[in-house]
Amino acid sequence: MSASVTLERDGRVATLILDRPPLNILDLATLARLGECLESLADDPPQLLWLRGGERAFSAGVAVEDHTPERVPAMLRGVRTAIGALMDLPSVSIAVVEGHCLGGGLELAAACDMVLATDGASFGQPEIEVGCFPPVAAALFPARLGSARTMELLLTGRTIDAAEAERLGLVTWRVEAARLESEIERLTALLLARSAAVTPLLKRAVGAGATLPTDRALAETERIYLEELSETEDIKEGGAGLMARGERGCK
């Protein structure tokens, strides 16, 4: 297996780097390596996971040669396995997008909890141009963008800049390229300062809100709060601290 994806670990932070220049094309071997790296984190998940590409491209998508009828089943399995492993992790995941983020690359970024992009990044799902559509984007985008906007982007296959991607909700933070590394450091410090016990519970609660009907989502978020969050030392210590200061609310 080629080292087309590298995994770095530093305490509560892990970084996955797509390393298949120049465009980090996701061929079958790269997808398998990505899934392998993500699955290796399952037994000891980090609190924060960064997913990075290169300056020229986060990823320009799945290899064209893997869109042939005989290879499509393996390609779809590879994409679903890697993205499933990413979304199953309790870690907070953030994609760092520079340059092109297209096709399967955008699906991978969208499967992260948040996206940090430089001003020069570009985004698109051009699959319609080769007579197909992106299954992951079709599944994930409607909850984030709405059905009409999802249809427009997938039907036209047009490329959008980082500013429009931010307006649509595909990008969480947008930063000048010169400030990218300092922004990663800032966000790392900010997020690691949050409770390591509460973070995965919050992620599951938000996931319920994004995927379930409102009544079922509320029931699930309340269950997580009552049955799991209430048992953590963090909420007990936090409540005790508020009472000691004579405060009656969270703010």
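Structure first, text after, so check above.
Here the structure is a predicted model, which means the values were calculated and not measured.

Basis of the calculations
Residues numbered from 1 in each chain as written. Predicted model: local features only at pLDDT ≥ 70, side-chain atom pairs only at ≥ 80, totals over all residues. Heavy atoms only, no water. Pairing = 2+ DSSP bridges. Helix = DSSP H or I, 4+ residues; strand = E, 2+ residues; numbered from the N terminus. Axes fitted to C-alpha atoms, helices over the stretch in contact; angles between N-to-C directions. Parallel < 35°, antiparallel > 145°, perpendicular 65-115°, else oblique. Left-handed = near helix turned anticlockwise from the far one by under 90°. Contact = heavy atoms within 4.5 Å. Nonpolar A, V, L, I, M, F, W, Y, C, P; charged D, E, K, R; others polar.

A. How the structure looks around the sheet that holds strand β2 (residues 13-18). Reading across from one edge, β1-β2-β3-β5-β7-β10 is the order of the 6 strands in this open sheet, with mixed pairing throughout. What marks the edges here is a single partner per strand, and that holds for β1 (5-10) and β10 (173-175). Along the sheet, successive strands turn relative to each other by an average axial angle of 20°, direction set aside. Judged from the 5 bridges that link them, strand β3 (residues 48-52) and strand β5 (residues 92-97) form a sheet pairing that is parallel. The residue bridging L51 from the neighbouring strand is A95, located in β5.

B. How the structure looks around the packing of helix α1 (residues 28-40) against helix α2 (residues 72-88). In contact at an axis separation of 8 Å, α1 and α2 are set at 25° when each is read in the N-to-C sense. By the criterion of interaxial angle, the relationship of α1 to α2 is roughly parallel. Crossing hand, α1 versus α2: left-handed. Counted together, L28, L31, L34, G35, L38 and E39 of α1 and A74, M75, G78, V79, T81, A82, A85 and L86 of α2 form the full contact between these two elements. Residues of the contact of α1 with α2, tallied by class, amount to 10 nonpolar, 3 polar and 1 charged.

C. Layout of the sheet that holds strand β6 (residues 100-102). A sheet is described by the order of its strands in space; here 4 strands give the open sequence β4-β6-β8-β9, paired in mixed fashion. Strand pairing shows two members of the sheet lacking a second neighbour, β4 (57-59) and β9 (159-161), which therefore form its edges. Neighbour to neighbour, the strand axes of the sheet diverge by 20° on average, direction disregarded. Across 3 bridges, the pairing between β6 and strand β8 (residues 122-124) is parallel. Opposite L102, over in β8, you have G124 as the bridge partner.

D. Summary view of the environment of E8. With respect to the helices, strands and loops of the structure, E8 is situated in strand β1. C-alpha separation for the pair E8 and E222, spaced 214 residues apart in sequence, amounts to 35 Å. When residues no more than four places from it in sequence are discounted, the contact partners of E8 are V13, A14, T15 and I17.

Read these as geometric descriptors, not functional statements.
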